[in-house]
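If you want the building blocks of each chain, they are given just below.
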Amino acid sequence: MWLGRSAALLLVAVVAACSDAEDQLSAENARLRAELEQLRAAAGRAAGPAPGADMQLAKPESEVVLALEQQVAALRSEVAREQELRLEREREWLRYTESFGALSAQAGVEAPQFEAQVPASERPVRAAPEPVDLAPFERSKDVLRGLRALFAIEGVRGLDLLEVGAVQTDHAGPVVFRLLDDRGRLAGSLCAQRMRFAGSRSAHTLSIVLEDGYESRGGQRSEFDVDPAQAGERETFGVRRLEFEDIDPLPWLEVAPELFGGVELAAPADDGAWNLTYVRGSVNRLLGVDIERGYFRLKTLGGVVDGVLRDVQLDEFDGRGKLLRRLFADRMRIERRERGVALLLESGASVRGDEKTPFLDGRLRLYLPRADHADWNRAGLPGLTARPSDAARAGPDEPVRD
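The structure presented is a predicted model; accordingly, all values stated were derived computationally and were not measured.

Topic: the overall build of the protein
Within the protein one finds six helices and 14 strands. Going through the 402 residues of the protein one by one, you find that 34% of them count as buried. Counting contacts in the protein only where the partners sit at least 6 residues apart, residues at least 24 apart contribute 56% of the total. About 25000 Å² of surface is accessible on the protein, with carbon and sulfur atoms providing 53% of the total.

As structure tokens, this is what we get:
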């Protein structure tokens, strides 16, 4: 309630200030018009021929008139500029009050209302407000403190998290970042309605995904670009991804597991049902059937959980055996398609030379159109069969790494 009364007092003060500024502007306009009339009268007196004057006075008279016209034009431009500045201040105040009202509603604070001074018996009966669940806002305090500490620990510069909003089951928002320059000075802001995280243990990457927001720098506001994956949908919104390399996502998962959407980054690496040596050898044999146009090789396999390969590294080569890139992923699924086979990599990154690029939206699909269904079915690999065969059943081996 204190917040509502403060907002009302602030609104009254700003309205009074705007009224005073408008009165001052009107007085200034009246003064300028009076001064303009005096200048025109002086110009008229100067234009009259003096006794004994010759024709050489015509040139000074024209210069005086031209100077007066230029001064009038400058005064009109200044008045128009002052009016535009006043309108922009009013627009900014309107935007501020609307944002303030939205925050008050989210926090469960009743916005100030002004009523006519009538007897209480004649006032309409106001319905009781619906109870507001403050648990998401209480949780947001802990999340905000934890995330700010992680930004400082990881040495992330240029971003200062100010607000995370309400923490939901798979996102938080609205969120506000301050953008800082290399000297730590304010350079702009980053605002979004929703924020979620994506990360990869094997690739050591963290992605902050901001949705439905904008970036503001130097008074210029630019909306986020719309994700091409949303094309054709009824509701579209802009997306901004902040990618961080060489950051362990597990501490961030411990602070805000809700923002990862339930992804278990710390899940066990192997359920013990599959022989990892057999799985890795069979996958590499099938990937190496057609190598003329390039091929992939499963270099590292950490384990298998519920038919999903965990902690994998795939190397991509061209037809001459030259390494093109390395792919790291927390999970890899083998999917049978109508024609060929697809490898779906999740929560990972692509490394080409010294450049590491996290997967777009946390996923990368490798399509193998020449893969023979019969060969892959006979191999009995995870994801293509429910139970491992005798050869594929786990033995005393450990996860294999080159």
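Still more ground to cover, so stick around.
Examining unusual backbone geometry
In the segment running from Gly-173 into Pro-174, the intervening peptide bond is cis, with an omega of 0°. Turning to its location among the elements, Pro-174 is positioned in the loop between β3 (172-173) and β4 (175-180). Located in the positive-phi region is Asp-311, a residue other than glycine, with phi close to 50°. With respect to the secondary-structure elements, Asp-311 resides in strand β10 (residues 308-317). Notably, Ser-347 is not glycine yet its phi reads approximately 55°, a positive angle.

Considerations on the pattern of salt bridges
Applying the stated criterion across every chain, the model contains 20 salt bridges. The salt bridge involving Glu-215 is made with Arg-240; its shortest N-O contact spans 2.8 Å. Separated by 25 residues along the polypeptide, Glu-215 in strand β6 (residues 205-217) and Arg-240 in strand β8 (residues 239-245) bring together distant segments of the chain. Here Glu-215 falls in the buried class, since its relative accessible area comes to 14%. Residue class for Arg-240 comes out partly exposed when judged on its relative accessible area of 24%. Bridged by salt links that share partners, the residues Arg-194, Arg-196, Glu-211, Arg-241, Glu-243 and Asp-361 form one connected network.

Here's the deal with the nonpolar core
Residues Leu-147, Phe-177, Met-195, Leu-210 and Trp-252 are the most contacted members of the largest nonpolar core, which totals 30 residues. Those elements giving two or more residues to this core turn out to be α3 (135-153), β1 (159-163), β4, β5 (186-200), β6, β8 and α4 (250-255). For this core, the element with the most residues is α3, which contributes five residues. With residues up to four places along the chain from it excluded, the contact list for Leu-210 reads Val-175, Phe-177, Leu-190, Ala-192, Arg-194, Met-195, Phe-224, Gly-238, Val-239, Arg-240 and Leu-242. Counting 29 residues, the second-largest nonpolar core is a separate cluster that includes Leu-298, Phe-359, Leu-368 and Leu-381.

Calculation criteria
- The residue numbering used here restarts from 1 in each chain and proceeds along that chain's sequence as written.
- The predicted origin of the model limits local features to residues at a pLDDT of at least 70 and limits the giving and counting of side-chain atom pairs to 80 or more, whereas totals for whole chains, interfaces and linings rest on all residues.
- Calculated side-chain values reflect all of the structure's heavy atoms, with hydrogen atoms and water omitted.
- The secondary structure listing takes helices from DSSP runs of H or I that are at least 4 residues long and strands from runs of E that are at least 2 residues long, numbered from the N terminus.
- Think of it in three bands: with a 1.4 Å probe and only protein chains considered, a residue is buried below 20% of the maximum accessible area for its type, exposed above 50%, and partly exposed in between.
- Contacts are assigned to residue pairs with any non-hydrogen atoms lying within 4.5 Å of each other.
- Calculation of accessible area relied on Shrake-Rupley with a 1.4 Å probe; when residues are assessed, cover is drawn exclusively from the protein chains displayed.
- Definition used for salt bridges: Asp or Glu carboxyl oxygen within 4 Å of a side-chain nitrogen of Lys or Arg.
- To define a nonpolar core, start from buried Ala, Val, Leu, Ile, Met, Phe, Trp, Tyr and Cys residues and group those joined through side-chain atoms within 4.5 Å.

Interpretation in functional terms is not warranted from these geometric data alone.
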